[in-house]
Amino acid sequence: MSQATLLEKVTEWSVETCRQELGSVLPKLLSMYHRTSDWDECIRVLKILTEMFLPHLNLADLEEECFSKVLPKVDKVFSDLMEEIASQIGGLTSQNTELRALLRNALQMMVQVLETLSGCVRHVCSFEESLALDTIRSLPSCILKVLKNTFQYCKESETVYNGRLSLVVDLLQALFKEAYSLQKGLMELLDRISLDSSATEEDACDMVIVIHSLLDICSIISNLDITLHANTWKFIIKQSIKYQGLLEERLRHSDIVCRLCDDLLASFHSCMELAEQMKQSGAPESSQSVERKFFQKTAKMCRFFANTLVHYIKEFKPYLSKSCGRLHHLYLQMYSKFPPSVYAPVISDAHCNEINSVILVAMDPLITHLLPFRPFAEVVLAETQQFGPELVFPQCLLLVNIMDKLPSLPEEVLNLWFQGSQFHEETPRLPVFQALFLSFQQCSTERAVPILVPGVMMNGQAQSQVTLHQHACVHLSACIASLPPAYFPQLEHTLLTALLCPDAQTALLAADAWCFLVRYGTAELCQHHVTLVSHLIKSCPGDCYQLSQLTFLLRRMFVMMTPNHQIEFVEKFSSREPQNLCIWQHVPLREFALDVRKRVEDDIVKSAIPVCTSWLDGGCKLGQLEKVNTALSAVLSVFRDSGDAVEEAQLQAVSRLLAQLWMRMSVSQVLSQPAVQCTLRLLLLLSVILVQSMEPQVLPQALTCLSSLLPLKCPDDIVLAALDFLASLGEIFLPPEIQSQVLPKLASLFSALLTDGSWLLQHHTLEAFAHFVEATNHEEVIPQCLPSEEIKTKVVNFLSKNVPLEENREARLERLKLQSSVIERPRDRLESGAVEAAGDLQPCPKRARQQTSEEEQYETSLQAAESALKTLQTLMAQTPPPQWVVARLQELETQITRINAVQRTGA
């Protein structure tokens, strides 16, 4: 009997005939199925086998008698059909009816293959007895290969058909629909299978292949159908947990977590894009538009992925060490695109609250589960982390969130986060406090805007919006309040390191936290820290940013000392000893009791003035000027805190001292010597306070110095001090004998400073000039300070408060983002310089011999004379000199003889 005759005959058989002839006809059909190369006939035989004879096989015989012999060719036929379509599709047009029919026929056969496989699944599911994997081993692997190819083909169809999709769209829809149904049926079938402890190695491997294959399918269908995507993930997680003991060491946990993260992030980005589009379109937030419904559906998917990820982490955390970096990055990426991040899109408050409550709240347990996991701590607290500018703010929020959770955790978890790495063999990690300060330091743009984040609930009141500084400070203080004493050394070390960093606002955060620590602790702790900081100030070399930050902290902590401890401080760091003036210049004297304060102020002035007079009498050597500056700073602190309460004797003594020091100011030394710059700044600040009692002849001298100095681009701190001094001159009436010397210079200085290019100096100049104008009795000088209409307009606008309009938010954000790298460069340079200095173990070189101003002038003149003589000697060696040169040399020789004679006579 021929093949065609057999097929025609079989198709007419009844169900009973098929059952009776199963044993004799099935082998013939299988042989025919394997021999044929015609796709139509192959699929025809396949349908006869699965629809007419498969139902008559026992469950135990399905794999051996049918599936293992039929399904391998199904996979090959399906792949061949796809290859045929790919090779012919280039010529497809609406006019080419023959090719169109050929391709549609191939697609139709692909649909029939899927229908046949669905029939196999339905038949297996019809058995009531329990299913074993070895009875259908070939079926899942075949179906999963076909499904993967089908979904990939549907996903790429728009690109593959390139504008000709309408010619086959109905069949593509049927193909996807049948694949959807087939996968749903397969997952139901596999869900009925149960693997117990007696499962074989082959069973475990097959189930792992199923899970990994569905994982691959997930990445394909993520943009095709939301429901199918979610159901596939549910099945993967369910089966992974169901057979956890059997499969946990075989599963590709990193791939599963990575795919979950990718799907969650993609859904989150879709949510944010939809929210941004609705904000831009101005659609009502309460409307049930298509966009609104799609937004809610996407948000629901986000929550599903977040919950799924948390559930998986909870079950398989020991196997996720390689996934911690991806989980950390996921958290940062999501918060970088969510308000108030400066890199987030603009969305409405309603959408913002909805996304936060639906999605981000679901992410919080993820951090909770990962906190005890060492690999996660090593990733978050890594010493070297290269974040993009958009991720530094989320990192800061993450660290604050972690600090909130730590107090309730066991001691071993606290050690993991609070202590940092302890041994060389450990992966290096920072203590969480240090990581927080480093992260905060990098948020320069966010601090400059400033962005606002929700504050803490207080007294049942709703959350208020606070700056990042306030947010970090409040949560850091809360963590300090619950910190076990064993971790205080790490905390104090971190606070000191942060206090001494180049970033001023980071140092301020450290000072705030330190002050909370002192306020929260005992009075003895406060005294101890004040003493510690005082010793650091005393040992700090020269004038540097670290010194200013230490002194700032000292002033704040000193306020919290008890009166008895203040008296002990006075005894420990006596104000009578000049070597302690470096501390007293920074102590807030007004915090002392009145009697103690008077005694301390008197001691400071009495110990400071001899230091200055000794320097004046000793030849004004530059090498000893640092001591003079320290003394002047201490005197300045006394006069600033005391105001009008300064005794007349002290006032007169300091005024006389200022007059002598002003006479020693040299413009050339100010430009070249930082110590002299500091002296001039202190003189200006003291002159502001003592301007009423200064000797009149000092004013022309001071203005002459400033007139020569300011055009030469001196340091900004001197210019700012000079502005305060010029403004203070409006408070006095100049004696007639010095008005001609003072007023022209005053007008010239204001005129020059009002045209300065720096916006910061211009603003301070306008403030100083306004103060001068309001107070001065010498109104005739005011027009002389405004030589041009442009300057007049600028001053009038400032006095009338005509402030230019502020730039919009978007422009300001872009400017701040661009400026952040410029701001960070000098900070990084200071940090690297500090590291180099700390690592330099070589002894300091001896200080070079310092010369007085007169010695410098002699040296400069002699060097010029020696250089001229050497040049003249070279010329005379080259060509004979004219006669007049010899005569001039004789005159010089006579002059040198006369100078030497005068020197010997003076000696």
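Residues numbered from 1 in each chain as written. Predicted model: local features only at pLDDT ≥ 70, side-chain atom pairs only at ≥ 80, totals over all residues. Heavy atoms only, no water.

### Things to note about the overall build of the protein
Phase 1: Helix and strand counts for the protein stand at 40 helices and two strands.
Phase 2: Seen along its three principal axes, the alpha-carbon backbone of the protein occupies a region of about 145 × 80 × 60 Å.
Phase 3: Counting across all 907 residues of the protein, residues that qualify as buried make up 47%.
Phase 4: Of the contacts formed within the protein by residues at least 6 apart in sequence, a portion of 76% connects residues at least 24 apart.
Phase 5: Here the protein has roughly 45200 Å² of accessible surface; of this, 53% comes from carbon and sulfur atoms. (Helix = DSSP H or I, 4+ residues; strand = E, 2+ residues; numbered from the N terminus. Buried < 20%, exposed > 50% of the residue type's maximum accessible area, 1.4 Å probe, protein only. Contact = heavy atoms within 4.5 Å. Areas by Shrake-Rupley, 256 points an atom, 1.4 Å probe, with all protein chains shown as cover.)

### With respect to helix 33 (residues 698-709)
Phase 1: For helix 33, spanning 12 residues, the distance from its first C-alpha to its last is 17 Å, which sits close to the expected 16 Å at 1.5 Å a residue.
Phase 2: Residues Val698, Leu699, Pro700, Ala702, Leu703, Cys705, Leu706 and Leu709 constitute the buried set of helix 33.
Phase 3: Considering only its buried residues, helix 33 is in contact with helix 30 (648-663), helix 31 (667-672), helix 32 (674-689), helix 34 (716-728) and helix 35 (736-754). (Expected span 1.5 Å × (residues − 1).)

### Quick word on the pattern of salt bridges
Phase 1: One pass over the structure, following the stated rule, counts 24 salt bridges.
Phase 2: Where Asp206 meets Arg137, a salt bridge forms, and the shortest distance between an N and an O atom there is 2.2 Å. Of this pair, Asp206 sits in helix 9 (residues 201-221) while Arg137 sits in the loop between helix 6 (97-125) and helix 7 (138-161); the two residues are 69 residues apart in sequence, bridging distant segments of the chain. Like Arg137, Asp206 is buried. (Salt bridge = Lys/Arg side-chain N within 4 Å of Asp/Glu carboxyl O.)

### Side note on the nonpolar core
Phase 1: Judged by nonpolar contacts, the single largest core of 303 residues is most densely connected at Phe53 and Trp417.
Phase 2: When residues in this core are grouped by element, the largest group, 13 residues, is from helix 6.
Phase 3: When residues no more than four places from it in sequence are discounted, the contact partners of Phe53 are Val10, Trp13, Cys18, Leu22, Val25, Leu26, Leu29 and Ile48. (Core = buried A, V, L, I, M, F, W, Y, C linked by side-chain atoms within 4.5 Å.)

### Here's the deal with the packing of helix 35 against helix 36 (residues 759-775)
Phase 1: Close contact between helix 35 and helix 36 brings their axes to 9 Å; oriented N to C, the two are set at 145 degrees. Crossing handedness for the pair helix 35 and helix 36: left-handed. Of the residues in helix 36, those touching helix 35 at Leu746, Phe750, Leu753 and Leu754 are Gln762, Thr765, Leu766, Ala768, Phe769 and Phe772.
Phase 2: By residue class, the composition of the contact of helix 35 with helix 36 is eight nonpolar, two polar and no charged. (Axes fitted to C-alpha atoms, helices over the stretch in contact; angles between N-to-C directions. Left-handed = near helix turned anticlockwise from the far one by under 90°. Nonpolar A, V, L, I, M, F, W, Y, C, P; charged D, E, K, R; others polar.)

### Description of unusual backbone geometry
Phase 1: The omega torsion of the bond from Pro339 to Pro340 falls at 15 degrees, within 30 degrees of zero and hence cis.
Phase 2: Here Pro340 lies in the loop between helix 14 (324-336) and helix 15 (349-370).

### Focus on a positive patch on the surface
Phase 1: A contiguous patch of positive charge, built from Lys234, Lys297, Lys300 and Arg303, is present on the exposed surface.
Phase 2: When residues of the positive patch are assigned to their parent elements, the largest contribution, three residues, is made by helix 13 (residues 290-316).
Phase 3: Overall, the relative accessible area of 46% leaves Lys234 in the partly exposed class. (Patch = residues over 30% accessible without salt bridge, like charges linked within 9 Å, V, L, I, M, F, W, Y side chains within 5 Å. Lys, Arg positive; Asp, Glu negative; His and termini not counted. Charge placed at Lys NZ, Arg CZ, Asp CG, Glu CD.)

### Quick look at helix 26 (residues 563-572)
Phase 1: The set of residues buried in helix 26 consists of His565, Gln566, Phe569 and Val570. Looking straight down helix 26, one finds its buried side chains confined to an arc of 150 degrees; they lie on one side. Residues of helix 26 that are exposed and point over 90 degrees away from its buried face: Asn564, Glu571 and Lys572.
Phase 2: Its buried side turned inward, helix 26 meets helix 24 (523-539), helix 25 (545-558), helix 27 (581-584) and helix 28 (594-617). (Arc of directions from axis to C-beta.)

### Regarding the environment of Arg656
Phase 1: Along the polypeptide, Arg656 turns up in helix 30.
Phase 2: Sequence-wise, Arg656 and Arg259 are 397 residues apart; in three dimensions their C-alpha atoms are separated by 79 Å.

### Description of the layout of surface pockets
Phase 1: When its volume is computed, the second largest pocket comes out at roughly 1200 Å³.
Phase 2: What lines the second largest pocket is a set of 38 residues, among which Phe338, Pro339, Pro340, Val453 and Pro454 lie closest to the centre.
Phase 3: Elements represented by at least two residues in the lining of the second largest pocket include exactly helix 14, helix 15, helix 17 (392-405), strand 1 (452-454), helix 21 (468-481) and helix 38 (809-839).
Phase 4: Partitioned by chemical class, the residues of the lining of the second largest pocket number 22 nonpolar, 10 polar and six charged. (1 Å grid on protein atoms, 1.4 Å probe; cavity = no way out; pocket = protein on both sides within 12 Å on 5 of 7 lines; lining within 4 Å. Points joined across faces, edges and corners; volume = space filled by probe spheres on them.)

### A look at the packing of aromatic side chains
Phase 1: According to the stated counting rule, one finds 19 aromatic pairs in the structure shown.
Phase 2: With a centroid separation of 5.3 Å and an interplanar angle of 65 degrees, the aromatic rings of Phe558 and Phe592 are classed as edge-to-face. Taken together, the positions of Phe558 in helix 25 and Phe592 in the loop between helix 27 and helix 28 put the pair 34 residues apart, joining distant regions of the chain. Grouping residues by exposure puts Phe558 and Phe592 together as buried.
Phase 3: Each residue in the set Phe558, Phe569, Phe573, Trp584 and Phe592 is aromatic and connected to the rest through ring pairs, giving one cluster.
Phase 4: Here the guanidinium or amino end of Lys73 rests over the ring plane of Tyr33, the centre of that ring lying 5.2 Å away. (Phe/Tyr/Trp six-rings, centres within 6.5 Å; stacked < 30°, edge-to-face > 60°. Lys NZ or Arg CZ within 6 Å of the ring centre and 35° of its normal.)

### Quick word on the side chain of Asp603
Phase 1: Here Asp603 lies in helix 28.
Phase 2: Judged by its relative accessible area of 11%, Asp603 falls in the buried class.
Phase 3: When sequence neighbours within four positions are dropped, the list of residues in contact with Asp603 reads Ser575 and Arg576.

### Some points on the packing of helix 13 against helix 15
Phase 1: Between helix 13 and helix 15, the least distance of the axes is 8 Å, while the angle of their chain directions is 5 degrees. Compared by their axis directions, helix 13 and helix 15 come out roughly parallel. Every residue of helix 15 that contacts helix 13 at Arg292, Phe295, Gln296, Ala299, Cys302, Arg303, Ala306, Asn307, Leu309, Val310, Ile313 and Lys314 is listed here: His351, Glu354, Ile355, Val358, Ile359, Ala362, Met363, Pro365, Leu366, His369 and Leu370.
Phase 2: Here the contact of helix 13 with helix 15 is built from residues that sort into 15 nonpolar, four polar and four charged. (Parallel < 35°, antiparallel > 145°, perpendicular 65-115°, else oblique.)

### Quick word on the confidence of the model for the protein
Parts of the model with low pLDDT should not have their predicted coordinates read in detail.
Phase 1: Chain-level statistics for the protein give a pLDDT mean of 86 and a share of 90% at 70 or above.
Phase 2: pLDDT under 50 marks residues 834-852. Its contacts with residues more than four places away, or in other chains, come to 13 contacts. (pLDDT = per-residue confidence, 0-100.)

### A short note on the state of the cysteines
Phase 1: Going through the model one piece at a time under the given rule, you end up with zero disulfides.
Phase 2: Here Cys42 is not cross-linked by a disulfide; its sulfur's nearest cysteine counterpart is in Cys142, at 12 Å.
Phase 3: The thiol of Cys678 is unpaired, and the distance to the nearest cysteine sulfur, on Cys612, comes to 12 Å. (Disulfide = S-S within 2.5 Å.)

### As for the environment of Leu594
Phase 1: Tracing the backbone through its elements, the reader meets Leu594 in helix 28.
Phase 2: For the pair Leu594 and Gly163, spaced 431 residues apart in the sequence, the C-alpha separation amounts to 91 Å.

### Things to note about the environment of Ala478
Phase 1: Within the secondary structure, Ala478 is located in helix 21.
Phase 2: Distance from Ala478 to Gln652, taken between C-alpha atoms, is 51 Å for residues 174 residues apart in sequence.

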